[in-house]
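# Survey of secondary and tertiary structure
Listed below are the residues making up each chain.
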Amino acid sequence: MTSVREKWNRRYADKSGALSSIPVALELGWSSLKPGSVLDLASGDGGSAVFLARQGFAVTAVDIAEEGLKRLNACAQAEQLSIRTVQFDLDVTASLAALGQYDNIVINRFRPTPALFLCLPALLTRGGRLMLNSFNLLQHKEKGFSERFCLKPEEYLGLSADLSLQYYRSEQRDGDFMDEYLFIKT
């Protein structure tokens, strides 16, 4: 049986060309982030991490797949961007604190487990932002995307007393059905 790590490593090892696209929600919403550092969780090959580094953020990109991070490192080196990469399994929440604290956390095209989500406020500085943008159930219904990776309506509202909701919306962007959240750590 192939592990999640092996699956993603194989996918990135076989990929050529440009990094993953930048989610529209991030392109439109990055100015709502707090200046400073960003932890890009489930960064894949780092399209979002590179975008944020270009905007002046100090970025740490975390992903389970070393092959994706290698692609990101090659791009960052070519553009002379300083992006720290960390290979990490986000299901091992007991080790998350080792990543440190950040002014912002961004999660794009990934559905965090409730256990992971509840650990995130501890990784944010006071007033830090948590931006989550991922596929919702309409992506499953309309495009056949796996339901288990889709966000349920309002799934993360009220989960953490340490996070104040700035916005939640469901949008259709570039043909995909997305839920978008922005929280501030209180």
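Read on for a plain summary of the structure.

Definitions and cut-offs
- Residues numbered from 1 in each chain as written.
- Predicted model: local features only at pLDDT ≥ 70, side-chain atom pairs only at ≥ 80, totals over all residues.
- Heavy atoms only, no water.
- Salt bridge = Lys/Arg side-chain N within 4 Å of Asp/Glu carboxyl O.
- Helix = DSSP H or I, 4+ residues; strand = E, 2+ residues; numbered from the N terminus.
- Buried < 20%, exposed > 50% of the residue type's maximum accessible area, 1.4 Å probe, protein only.
- Contact = heavy atoms within 4.5 Å.
- Expected span 1.5 Å × (residues − 1).
- Arc of directions from axis to C-beta.

## Overview of the pattern of salt bridges
Applying the stated criterion to the full structure yields 10 salt bridges. The residue Lys70 makes a salt bridge to Glu67 at a minimum N-O spacing of 3.1 Å. With Lys70 and Glu67 both in helix α4 (residues 66–78) and 3 residues apart, this pair spans about one turn of that helix. Here Arg169 makes a salt bridge to Glu180, at a shortest N to O gap of 2.9 Å. Of this pair, Arg169 sits in strand β6 (residues 163–173) while Glu180 is found in strand β7 (residues 176–185), placing the two residues 11 residues apart along the sequence. Look at Glu180 and you get buried, because its relative accessible area is 1%. Overlapping salt bridges, with partners in common, bring together Lys15, Asp45 and Arg71 in one network.

## Description of the environment of Pro35
For Pro35, the position within the fold is in the loop between α2 (24–29) and β1 (37–41). You can call Pro35 exposed: its relative accessible area is 68%. The sequence separation of Pro35 and Val4 amounts to 31 residues, and the corresponding C-alpha distance is 33 Å. Leave out the neighbours within four places in its chain, and Pro35 touches Phe57 and Asp103.

## Comments concerning the environment of Asp174
Looking at the secondary structure, you find Asp174 in the loop between β6 and β7. Taking the C-alpha atoms as reference, Asp174 lies 22 Å from Lys15; in sequence the two are 159 residues apart.

## Quick word on α4
Taking 1.5 Å per residue, 13 residues should reach 18 Å; α4 reaches 18 Å between its end C-alpha atoms and fits that length. The set of residues buried in α4 consists of Gly68, Leu69, Arg71, Leu72, Cys75 and Ala76. Down the axis of α4, the buried set is contained in an arc of 155 degrees. They therefore lie on one face. Facing away from the buried side of α4, by more than 90 degrees, are the exposed residues Gln77 and Ala78. Gln80 occupies a position one or two residues after α4 and carries a positive phi of about 55 degrees.

## Remarks on unusual backbone geometry
Its identity as a non-glycine residue notwithstanding, Ala42 has a phi of 55 degrees, on the positive side. With respect to the secondary-structure elements, Ala42 resides in the loop between β1 and α3 (47–54). Among the residues examined, Ala42 registers a relative accessible area of 18% and is labelled buried. Positive phi values are uncommon outside glycine, yet Arg109 reaches one of about 60 degrees. Position of Arg109 among the secondary structure elements: in the loop between β4 (102–108) and α5 (114–119). By relative accessible area, which is 35% here, Arg109 ends up partly exposed.

Purely spatial values, then, with no claim about function.
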